[in-house]
Amino acid sequence: MKRILAVIALLGLSTAAWAQYQNEYMGSSIYDRYVTFNISARYGVALPMGGQQGYIDRISPTNLALDGEWLFPKRFSIGLKTGYQYTHQRLPRQVYDYDSQSISAVQTRTLSVIPAMVSLSYYFADNAAAIRPYIQMAGGGAYIDYTNYFGPLADQKNGFKGAIAPAIGLKFYGKREQGLGAEVQAQYQNVFFNYDLLKNSAPSLMLSAGIIYRWY
């Protein structure tokens, strides 16, 4: 009799444990149980800020952002960011002092940036959600090329400099667990570059939108 009662009790405990497992794991999304991934590509415009306004004060229409992330079950992710940013501005012909001489030329100011950063994001919805707002902090560096043309002559400075890029954004998938979606992001980026007409640093505010894909 004791053996029968022990077997019944064991079966009861096993059934309860299995039911709990089903409730906690089988009923939840695989996105919420394992490390999953997403990649995104966005196009954006950038508004110059701070020292960059003293060099080029126009909105940049040429900005591409590429991101990849490892998504963890606790609503945070670690990722890599890169892309390409380019802006230029042409000034009317006038006389400039260049290399100890006066020249008459059309001045064309250009600035290219290729970021290479690590990002940490926190999401306000679970990994399988259809709508996922987030905040992000990224840091690392960027290759920056400053080239100011005076007709055929050029004043150039380039190199890899430190950079930071906090951002907020929203990922929209249409329905829960869908792979393909859309993303919008507002990012403040500051590259610690100081040369000639670009004083102190090169900050900008980039507004971008594009597509995203998640998978496991």
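Residues numbered from 1 in each chain as written. Predicted model: local features only at pLDDT ≥ 70, side-chain atom pairs only at ≥ 80, totals over all residues. Heavy atoms only, no water.

Participant: Let's hear about the pattern of salt bridges: which residues, and what values?
Facilitator: Under the defined criterion, the tally for this structure stands at six salt bridges. For Asp32, the salt bridge is made with Arg176, and the minimal N-O distance between the two is 3.5 Å. Of this pair, Asp32 sits in the loop between helix H1 (2-26) and strand E1 (36-48) while Arg176 sits in the loop between strand E9 (167-172) and strand E10 (180-191), and the two are 144 residues apart along the sequence. With relative accessibility at 22%, the residue Asp32 sits in the partly exposed group. Arg176 sits in the partly exposed class, given a relative accessible area of 45%. The partner of Glu69 in a salt bridge is Lys171, with the nearest N and O atoms 2.5 Å apart. Residue Glu69 is located in strand E2 (residues 60-71), and its partner Lys171 is located in strand E9; the two are separated by 102 residues in the primary sequence. We classify Glu69 as buried; its relative accessible area is 6%. We classify Lys171 as buried; its relative accessible area is 2%. One connected set of salt bridges, linked through shared partners, spans Arg42, Asp67, Lys81 and Glu183. (Salt bridge = Lys/Arg side-chain N within 4 Å of Asp/Glu carboxyl O. Helix = DSSP H or I, 4+ residues; strand = E, 2+ residues; numbered from the N terminus. Buried < 20%, exposed > 50% of the residue type's maximum accessible area, 1.4 Å probe, protein only.)

Participant: Run through the nonpolar core, naming residues and quoting values.
Facilitator: Counting 15 residues, the largest nonpolar core has Leu111, Ile144, Val191 and Leu198 as its most contacted members. No other element matches strand E7 (residues 131-150), which puts four residues into this core. If we ignore the near neighbours within four places in the chain, the residues touching Val191 are Val113, Ala142, Ile144, Lys161, Gly162, Ala163, Ser201 and Ala202. Counting six residues, the second-largest nonpolar core is a separate cluster that includes Leu91, Tyr96, Tyr98 and Ala105. (Core = buried A, V, L, I, M, F, W, Y, C linked by side-chain atoms within 4.5 Å. Contact = heavy atoms within 4.5 Å.)

Participant: Break down a nonpolar patch on the surface for me, with residues and values.
Facilitator: There is a patch of nonpolar side chains on the surface, built from Val35, Trp70, Phe76, Ile78, Leu80, Val118, Leu120, Tyr122, Phe124, Ile135 and Ile168 and spanning about 990 Å² of accessible area. Listing elements by their share of the nonpolar patch, those giving two or more residues are strand E3 (76-90) and strand E6 (107-123). (Patch = residues over 30% accessible without salt bridge, like charges linked within 9 Å, V, L, I, M, F, W, Y side chains within 5 Å. Areas by Shrake-Rupley, 256 points an atom, 1.4 Å probe, with all protein chains shown as cover.)

Participant: Provide a residue-level description of the confidence of the model for the protein chain, including the pertinent values.
Facilitator: Per-residue confidence for the protein chain gives a mean pLDDT of 89, with 88% of residues at or over 70. Within the model, the stretch residues 7-26 combines pLDDT values under 50 with three contacts to residues more than four positions away or in other chains. (pLDDT = per-residue confidence, 0-100.)

Participant: So what's going on with the packing of aromatic side chains? Which residues, and what values?
Facilitator: By the definition in use, this model includes nine aromatic pairs. Ring plane angle 90° and centroid distance 5.4 Å describe the contact between Tyr122 and Phe124, whose orientation is recorded as edge-to-face. The class of Tyr122 is partly exposed, set by a relative accessible area of 36%. The exposure class assigned to Phe124 is partly exposed, which follows from its relative accessible area of 49%. Members of the aromatic cluster, each reached through a chain of ring pairs, are Tyr55, Tyr146, Phe193 and Tyr195. If you follow Lys171 out to its NZ or CZ, it ends over the ring of Tyr134, 5.3 Å from the centre. Here the basic side chain of Arg214 rests over the ring of Tyr173, its NZ or CZ set 3.6 Å away from the ring centre. (Phe/Tyr/Trp six-rings, centres within 6.5 Å; stacked < 30°, edge-to-face > 60°. Lys NZ or Arg CZ within 6 Å of the ring centre and 35° of its normal.)

Participant: I'd love a proper account of empty space enclosed by the protein, names of residues and values included.
Facilitator: In this approach, a probe sized like a water molecule rolls over the atoms, and the result shows the empty space that is left. Scanning the model with the defined rule gives two cavities of 30 Å³ or more in all. In this structure, the largest cavity encloses a volume near 120 Å³. The wall of the largest cavity is formed by 14 residues, among which Gln52, Gln85, Leu111, Val113 and Ser204 lie closest to the centre. Those elements that place two or more of their residues in the lining of the largest cavity are E2, E3, E6, E10 and strand E11 (202-215). (1 Å grid on protein atoms, 1.4 Å probe; cavity = no way out; pocket = protein on both sides within 12 Å on 5 of 7 lines; lining within 4 Å. Points joined across faces, edges and corners; volume = space filled by probe spheres on them.)

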